[in-house]
Amino acid sequence: MTVRQIPLLLEGSFQNSSSTVRQPVRNPATQAVLAEVPFATAAEVDRAVAAAKEAFQSWREVPAPARARIMLTYQHLLKKHHDEIAEILAQETGKTFADAKGDVWRGIEVVEHACNISSLMMGETVENVAGGIDTYSMIQPLGVCVGITPFNFPAMIPLWMFPLAIACGNTFVLKPSEQDPMTPIRLAELFLEAGAPKNVLQVVHGGQDQVNQLLKHPDVHAISFVGSAPVAEHIYKTGTQHLKRVQCFAGAKNHMIVMPDAQPQQVINNLIGASCGAAGQRCMAISVAVLVGEAKNLIPGLAESFKSLRPGIWNDAGAAYGPVISARAKARILDLIRQGKEEGAKCEFDGSLITVPEYPEGNWIGPTLFTGVKPDMTIYREEIFGPVLLTIEVDTLEEGIALINANPYGNGCSIFTASGAAARKFQHEIEVGQVGINVPIPVPLPFFSFTGWKKSFLGDLHAYGKQGVRFYTETKTITARWFDEDIAHAAPNMTIQLK
Ligand code: NAD
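Keep in mind that this is a model prediction, so the values were computed, not measured. Each chain has its residues counted from 1, running along the sequence as written. Only residues with pLDDT of at least 70 are given local features in this predicted model, and only at 80 or more are side-chain atom pairs given and counted; all residues enter the totals for whole chains, interfaces and linings. Water and hydrogen atoms play no part in the side-chain values, which are based on all heavy atoms of the structure.

## A few points about a nonpolar patch on the surface
Taken together, the side chains of Leu445, Phe447 and Phe448 present a nonpolar region at the surface, about 340 Å² in accessible area. Position of Leu445 among the secondary structure elements: in the loop between strand E19 (434-437) and strand E20 (453-454). Only residues whose relative accessible area exceeds 30% and that form no salt bridge enter a patch; like-charged residues are grouped when within 9 Å of one another, and nonpolar side chains (Val, Leu, Ile, Met, Phe, Trp, Tyr) when within 5 Å. Accessibility throughout is a Shrake-Rupley quantity obtained with a 1.4 Å probe, and a residue counts as covered only by protein chains that appear here. A pair is scored as a salt bridge if a Lys or Arg side-chain nitrogen falls within 4 Å of a carboxyl oxygen belonging to Asp or Glu. Strands here are runs of E lasting at least two residues and helices are runs of H or I lasting at least four, both read from the DSSP assignment and numbered beginning at the N terminus.

Shown next, in the form of structure tokens:
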């Protein structure tokens, strides 16, 4: 049987790459090969940028309401194909169907935001900045923008990027994760079906070499990257050295503070979903519960609830989550669990040896709970990116805040409490970009921006919301005067307005 070849979207059509370097795309629950993804040749990457550059000349002239109308049609098509996209996504990521639908839905919301582009691109005006002179600003697109995306949200994260960039009047080259490229290609097919003109979007596949070529390409203006922290650092340094505008969303270690007055069952339910949902492969997953004072009494109930969770295949309605993305990711997580035990943390519930008998080849990891964790342990310092929850006990809220602020990451955090005063202190003092109050995974909807801090974000302007529009545009300021009579005399001096 021939294996499906994932095409590139190049110069307006889906075409097979001429590359001889290919990688299988596997179902992580069965290891079945779903397709093969090519690593685009250098010439193909160049062609993608050249086609996007040429398309920019005409696309930038298309009126904003006409660009918005394409986004409206796209939103409609994504909703119509929601289940179908989620099924593709679930097969190649292993996510449960419900979680896969959530991945697509969070992307659709960003497309909805992009439908509002005419208002989002409004400039500012001040009349009479000096006698008879007005100043106004307008927002214009940049040119060719590039998106490099991770495996863990193959619908949502590409949709954070290309619809907004293109709605702003840019053209776009997407380099999706080589681990799950089937979903992004389906998103691109629907984008063309929605009436996007030929060449405004190109999709090239690959890894390090293709990314490096894009980072240094003289015709690329802006780079959006989402992925692990070490790669983010490389992307940020290389992109900015080549004078690109760069935003990098990177790894995380997200904490939840549990105050003694929090409702116990609410805490347990929310912690389970936030730590093990999507097999812990969410950048906003809670991986550390910080138990303040008597909140430590929640541990037996938490351990009991962990025992009731089981992973399974995407269409198993009883499964709490699916396999991790690859055998390599599984081996890395198992190694971290082993180190946690060796370094003295107590493994209350160990998911290392779990099996799913119907799918013995799957990259399964059972829910794993560590207590007595200390900040110098490897499991605390490293991002685990698996269904593993650590607990740390502290005596006071102040101690909990200090612990979180000392962590180099700053993507998300939350507090569970019945006290408004504790919540307000937390929201004010915590050095993390996204804060939940009795909300475990505080991902902002797209009219706000996704605002990671510290090592979780490199750059200035964040994703989507108003900041996303600013990232993909340049501001032009115009100072204008109109004469209704001829000049009486020349005035060579710089004039100042004293009153
Ligand atoms: P990754 O860094 O391995 O890969 C991300 C992208 O970079 C892929 O497209 C990949 O092909 C490319 N890449 C990989 N190595 C490269 C290299 N050496 N040079 C250039 N490009 C390279 O990340 P992943 O494993 O796909 O995704 C998981 C990571 O992403 C986690 O660390 C997670 O926290 C992070 N993430 C962060 C956010 C956020 O908003 N902060 C969101 C989602 C995921």
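## Here we look at the layout of surface pockets
In this structure, the largest pocket occupies an estimated 1300 Å³ of space. Here a cavity denotes grid points, spaced 1 Å and computed from the protein atoms alone, that fit a 1.4 Å probe unable to get out, and a pocket denotes an open set having protein on both sides within 12 Å along at least 5 of 7 lines; residues with an atom within 4 Å of a point are the lining. Taken together, 44 residues line the largest pocket, and the ones lying closest to its centre are Phe151, Gln179, Gly227, Ser228 and Val231. For the lining of the largest pocket, the elements supplying multiple residues, two or more each, are helix H8 (208-216), strand E10 (220-226), helix H9 (229-241) and helix H12 (327-342). The dominant element in the lining of the largest pocket, judged by the number of residues it contributes, is H9, at 6 residues. Grouping the constituent residues of the lining of the largest pocket by class yields 21 nonpolar, 15 polar and 8 charged. Grid points are joined across faces, edges and corners, and a volume is the space filled by probe spheres set on the points. Each residue gets one of three labels, nonpolar for Ala, Val, Leu, Ile, Met, Phe, Trp, Tyr, Cys and Pro, charged for Asp, Glu, Lys and Arg, and polar for the others, Gly among them.

## What about the sheet that holds strand E22 (residues 473-481)?
Strands were regarded as paired on the criterion that DSSP finds at least two bridges between them. On the basis of which strands lie adjacent, the open sheet formed by 3 strands has the order E5-E6-E22 and antiparallel pairing. For this open sheet the edge positions go to strand E5 (125-130) and E22, each flanked by a neighbour on one side alone. The average undirected angle you get between the axes of adjacent strands in this sheet is 30 degrees. Pairing of E5 with strand E6 (residues 133-141) involves 3 bridges; the strand directions are antiparallel. Residue pairing in the sheet places Thr125 in a bridge with Tyr136 of E6. All axes are obtained by fitting lines to C-alpha atoms, using only the stretch in contact for helices, and the reported angles, taken between N-to-C directions, cover 0 to 180 degrees.

## Points about unusual backbone geometry
Of note in this structure, Gln31 is not a glycine but carries a positive phi near 70 degrees. Within the secondary structure layout, Gln31 lies in the loop between strand E3 (22-26) and strand E4 (33-38). In this structure, Tyr464 is a non-glycine residue whose phi angle is positive, near 40 degrees. Relative to the helices and strands, Tyr464 is located in the loop between strand E21 (457-458) and helix H16 (465-471). Think of it in three bands: with a 1.4 Å probe and only protein chains considered, a residue is buried below 20% of the maximum accessible area for its type, exposed above 50%, and partly exposed in between. Take Tyr464: its relative accessible area is 3%, and that puts it in the buried class.

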